[in-house]
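Here are the chains, one letter per residue:
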Amino acid sequence: MDKVVLITGGSQGIGEAIVKNFSSRGWIVYFTYNKSKVKAMKIEEENNNVYSFQADVSDYELAKNIIKTICEKHGKIDCLINNAGITKDKTISFMDQKSWNSVIETNLNGTFNYSKFALKEMCKRKSGVVINISSISGVIGIPGQTNYSASKAGIISLTRTLAKEVGAYGVRVNVISPGFINTEMTENINKEKFLPNITLGRFGETKDITGVIRFLSSDESLYITGQNLIVDGGLSI
Ligand code: NAP
């Protein structure tokens, strides 16, 4: 039977690469986006069995409806990737409350919303995998990112707790913490500043993440749950 995956934030960057990777391997792929309708339509058109929903991940009711729609159509959801995320960087004295709230609402609340409804379905079927996308910023903390670091650390903790809650149903929950990956999110970063600290001497590419996603969503990793896989080229060692 065809496998079904839902990826939040699939219209560009890491999410887009994940969408294309699952599609190329014959999965039925659903993804969400917030603003990038034109990009989302193009991805739908150019890839097999790919369907998108315009949905802000922080919208709880929309998350519920999207999971319901998928499960009514296919009777299941095999894999959820909580990928949608934003940054609004400022050191704390310059960070306004709006920037704090929007990053927490998108990154952390969004992960809660989709996990809640997808895990309910997965536990019912005693099968499924959730993979959350955190960040090295949530592990070591990066100055100027208190909102982002806190949201991403929250995702790591949420992952461990959820893994313990649903393990008895045979459902796995893991998290990936990327370092610097070349996408629109990092295009304005001063590379020269960070490169000396990256052991492998380069920023990562989206394919450095899709390989790990492929492994964690497959039966090759059936005995791995609650783990945080750091994919940062050795930045944090
Ligand atoms: P990106 O290029 O900025 O793409 C972000 C994606 O998330 C877009 O598809 C965007 O859709 C979607 N998104 C943003 N806000 C959303 C919302 N409220 N509701 C639904 N979708 C939303 O970022 P990226 O670099 O691919 O990052 C993907 C994930 O990896 C994020 O969680 C990020 O924190 C994490 N990460 C990235 C890096 C890195 O170096 N790039 C490192 C560590 C972790 P729209 O364009 O439609 O808004």
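Rules of the game
Residues numbered from 1 in each chain as written. Predicted model: local features only at pLDDT ≥ 70, side-chain atom pairs only at ≥ 80, totals over all residues. Heavy atoms only, no water. Axes fitted to C-alpha atoms, helices over the stretch in contact; angles between N-to-C directions. Helix = DSSP H or I, 4+ residues; strand = E, 2+ residues; numbered from the N terminus. Parallel < 35°, antiparallel > 145°, perpendicular 65-115°, else oblique. Left-handed = near helix turned anticlockwise from the far one by under 90°. Contact = heavy atoms within 4.5 Å. Nonpolar A, V, L, I, M, F, W, Y, C, P; charged D, E, K, R; others polar. Pairing = 2+ DSSP bridges. Buried < 20%, exposed > 50% of the residue type's maximum accessible area, 1.4 Å probe, protein only.

Chemist: Before we move on, could you go through the packing of helix α3 (residues 60-74) against helix α4 (residues 97-125) and cite the residues and values that matter?
Modeler: Where α3 contacts α4, the axes come no closer than 9 Å and their chain directions differ by 30°. On the basis of their axis angle, the class for α3 and α4 is roughly parallel. Here α3 and α4 pass one another in a crossing that is right-handed. Residues Y60, A63, K64, I66, I67 and C71 of α3 touch α4, and the partners they reach there are F112, N113, Y114, K116, F117, A118 and E121. Classifying every residue of the contact of α3 with α4 gives nine nonpolar, one polar and three charged.

Chemist: Account for the sheet that holds strand β1 (residues 4-7), with residues named and values stated.
Modeler: Strands sit in the order β3-β2-β1-β4-β5-β6-β7 across an open sheet of seven strands; the sheet is parallel. The open sheet has two free edges, formed respectively by β3 (50-54) and β7 (228-231), since each of these has just one partner strand. The mean inter-strand angle of the sheet, taken between neighbouring strand axes irrespective of direction, is 15°. Against the sheet, helix α2 (residues 37-46) makes contact with β2 (28-33) and β3, and its axis sits at roughly 160° relative to β3, the strand it touches most.

Chemist: Tell me what's going on with the environment of P143, and back it up with residues and numbers.
Modeler: By the secondary structure assignment, P143 is in the loop between α5 (137-140) and α6 (146-166). On the basis of relative accessible area, P143 is assigned to the exposed category, the value being 77%. Between the C-alpha atom of P143 and that of K39, which follows or precedes it by 104 residues, the distance is 32 Å.

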